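Notes for the structure review
Read off the chains here:
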Amino acid sequence: MASGGVKLNSASITILCWITILGFAQCQKIPSLQIMPAASVQRKPVGNSLLLTCRPDVPDSTLISDLRWSDSRNMTIPPKATKYYYPQFDSKGRKLPAKAGQSSPPIYTESIAGGQALALLFNSLQESMAGVYYCAASYSVTEQLAASVLVETYVAITWKDAPEDQRPILGEDYIVRCEVYANPPATVDWLRDGDPIKSSGRYVIENRGLLIRNVSESDDGLYTCRAAVISTGELAKRVIRVEVQIKPEVQQLPTVLNAVEGQSFSYLCNATGKPVPEFQWIKKSTQQNVADIDRFSVNALTGQLDISRVEQDDHDTYTCVAKNAAGISESTTKLNVLIRPKIIEFMNITVPEGQEAVLACRAFGRPPPEITFRRYGTTEEYRVGLQVSDDRIVLDMQENAERSETIGNLRISQLDKTDDGLYDCIARNPGDVAYKVGHITVEYKPNFDHLKALPPVYTWEQRPANLSCFAQAIPNATIEWRWNDRRVADLYDINMKIEEQGFRSDLIITPREHRYYTSYKCVATNRLGRDEHVMELREARIPEAVAQAKPRSVSATSMTFDIIPPAFEKGLPITAMSVQYKEEFNPDWNTAMNRTWSPDSPYIVEGLRPQTSYSFRFAARNVVGLGPWSAYVVHSTPKRSEPETPKTLHTPIQEEDEEDDAIVASPYADHFELRWNVPVDNGEPINFYRVKFCPGSKVNGVWTELEGACLEEDITTTTHYEMRDLQADTYYRIELLAHNAIGFSRPAHLLLKTARGNYYYGSGNSSDAPWSSIIAGLMLIATFNSIHHQRS
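Here goes a summary of the coordinates provided. Because the structure is predicted, anything quoted here is derived from the model rather than measured. (Residues numbered from 1 in each chain as written. Predicted model: local features only at pLDDT ≥ 70, side-chain atom pairs only at ≥ 80, totals over all residues. Heavy atoms only, no water.)

Thoughts on the overall build of the chain
When helices and strands are tallied, the chain shows two helices and 60 strands. Restricting the contact set of the chain to residue pairs at least 6 apart, pairs at least 24 apart contribute 63%. Accessible surface for the chain amounts to roughly 43,600 Å². Of this, 49% is attributable to carbon and sulfur atoms. (Helix = DSSP H or I, 4+ residues; strand = E, 2+ residues; numbered from the N terminus. Contact = heavy atoms within 4.5 Å. Areas by Shrake-Rupley, 256 points an atom, 1.4 Å probe, with all protein chains shown as cover.)

Remarks on the pairing of strand 30 (residues 357-366)
The alternating pattern of strand 30 places Ala357, Leu359, Cys361, Ala363 and Gly365 on a buried face and Val358, Ala360, Arg362, Phe364 and Arg366 on a face that is not buried. Judged from the five bridges that link them, strand 28 (residues 327-346) and strand 30 form a sheet pairing that is antiparallel. Each residue of the ladder has a partner; that of Ile343, found in strand 30, is Ala363. Taken together, the eight bridges between strand 30 and strand 34 (residues 405-412) define a ladder with antiparallel strand orientation. Considered in strand 34, the bridge of Val358 is made with Arg411. (Buried < 20%, exposed > 50% of the residue type's maximum accessible area, 1.4 Å probe, protein only. Pairing = 2+ DSSP bridges.)

Here's the deal with the state of the cysteines
Covalent bonding between the sulfur atoms of two cysteines defines a disulfide. Under the defined criterion, the tally for this structure stands at six disulfides. A sulfur-sulfur separation of 2.0 Å characterises the disulfide bridge that pairs Cys361 with Cys425. Handedness here is read from the sign of the S-S torsion; for Cys361 and Cys425, about -85°, the answer is left-handed. Note that Cys361 is positioned in strand 30 and Cys425 in strand 35 (residues 421-429), a separation of 64 residues in sequence. Classification of Cys425 as buried rests on a relative accessible area of 0%. For Cys469, the disulfide goes to Cys522, at an S-S distance of 1.9 Å. Judged by the sign of its S-S torsion, about -80°, the cystine formed by Cys469 and Cys522 is left-handed. Of this pair, Cys469 sits in strand 38 (residues 465-470) while Cys522 sits in strand 44 (residues 519-526); the two residues are 53 residues apart in sequence, bridging distant segments of the chain. Each member of the pair, Cys469 as well as Cys522, is classed as buried. (Disulfide = S-S within 2.5 Å.)

With respect to the side chain of Asn622
Here Asn622 shows up in the loop between strand 51 (613-621) and strand 52 (630-636). At 2.9 Å, the side chain of Asn622 forms a polar contact with the backbone oxygen of Arg541. Not counting the four nearest positions on each side in its chain, Asn622 is found in contact with Arg541, Ile542, Pro543, Leu572, Pro573 and Thr575. (Polar contact = N/O pair within 3.5 Å; in protein donor to acceptor, adjacent residues only side chain to side chain.)

Let's talk about the sheet that holds strand 52
Here we have four strands laid out as an open sheet, ordered 49-48-51-52, and antiparallel in their pairing. Unpaired on one side and paired on the other, strand 49 (593-597) and strand 52 mark the two borders of the sheet. Adjacent strand axes in the sheet meet at a mean angle of 25°, parallel and antiparallel pairs treated alike. (Axes fitted to C-alpha atoms, helices over the stretch in contact; angles between N-to-C directions.)

As structure tokens, then:
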């Protein structure tokens, strides 16, 4: 340093040295202090740390003393180990507040390089630390050295309020927040998808951020908030994800929801919103979240309300609440707990005939049930009011909504015995249907309507007879027997005995004399009246003679007769018909053959000899015995001949004229079982049957067979034959004959129609498929169908 106090830098010293060397004398090094880094101005951001080093540049470093750093107020900055140094003034000379309780010094000095240099350390730069700092030292005791550096601070770009995820609400105005702090101040602009956003229309750039007017779902996306400080060249970006949220909107619930007591219940509360809202159900009377109630459960994601078992206390108003970050929405409904109907009173009644009966039924339920009645076992119900089908019957109802009860009255005027019986009371509401059975008992005086059509009682040969009497009556009637207008009980006749069997009374008569075959009176009495019924005891006799018998059909070995039986009395029917027969020229009936038939069977005599004359006589039998033989007939059997025509056992679907065949239908398309009765053999045993069947058609009354398509087979032991390999939906003409040693019977004819179905061609070999050669001929089936429709 020159005596004038002018500081010489190293370049000036170097020039002076070179001048001295060239022209004057040997040059010596000029003592100085160097501050590193070498720049005279140090610009650093607030919050950064800073190290400034002061190093003497002297010929002899041992001569340096009192090396120190001081601030612009000439306050020496102490080392770390001593009392902390705090700036008292900021860079503008303003007094700073005192610091207290700080754990480490913000600015301090520290010797480095073995004491040859002194460092000035800033732990964390603050704006107040900006200013000029001086380094000073003494050299060779007398010479003072000094150097200075200007520390400037600035505030780096700081995101003050700029969340990276922001959620505006649909339809509202929203500011995408991006507040920036910097010193010097920063300028802010916005980009979306790399494109700049300008203030216009719906977008307005403000100090606080980007204003979006009337937010729509299309505003979802990534926005870039970009801050720049031109003076420092600092540039920072913050990417902000904007997700538009939509307030929940609950779908309007029905005014009333019905649930049935004792049953489960479920209902789904629907709502829209973004993000997906969460659901709650609130019970109004208790303001309770029903998810906390036993038997209730709520799916918070779907809004499903479930009640495992509905109880009466669940009858309340409920609110479905949907919430998300954008807002809340709710809808209210009333849960109407339907109490299933219960019939709590339905009494049986007993009413005399001719009076009015009132059948009352009381039922409980919510809502109060509707009550109807019906006769038990029927489906038709009585309706409220006068019944159209019977103007004696009126149904009325009284409903008590407060007590949830209904009383139904079925009123029947001029009660009749036919009204007696069981009745259903039916209680209905939307929850269920309840049933209960009641009874109307109609009291009436005794009657014997059920006995008036009965025949007299018959007996014979002093056999005991039972005259049984019981009256229809409610209450039950007492029975009294009278004979010739005298009480039988007072006669003490050993031939008459009364036996009581509950409501029935039996009069047992042993007719040892003919006078007992007469009339008896049964008298029935109850508190409503009396009635009497006359019963007759008659003597039974054997049947009269048979009026007539004549042969109806005759074969070589059998005869069938038509017999006119004798007249018989009601209650004494013919139980059998008998015949005796012998060869005409045999005079002794004691050697005759006998046969007995039931009255409703064919009167056939079999086992006769051909070409023989027989005598026949007939008699009728009843419970008493066999009547006299009468209706004598003499008739001869013809000579031995071929059998009678067999009779097929199939019910025709269409009866044809006498000269035409009956039509039967097969339930199968490819087979049919033909069955028949054994015909009369006419003196020679049947040794086989012949079956022939041919497909074809009938045109203009003439049957036309398919040439070469007929099948014929003889059957020896059975009376059935299974026809196979038939064609579907086809007509077949069947011919059946019986054969014995004399010859064939007349043929029985049948026209068969097979069912619709797939055609069946057998195994495929020509020997197994008899129809293979006539498949083309099956085109006639259409013709057969046409003929069948014409017949129909």
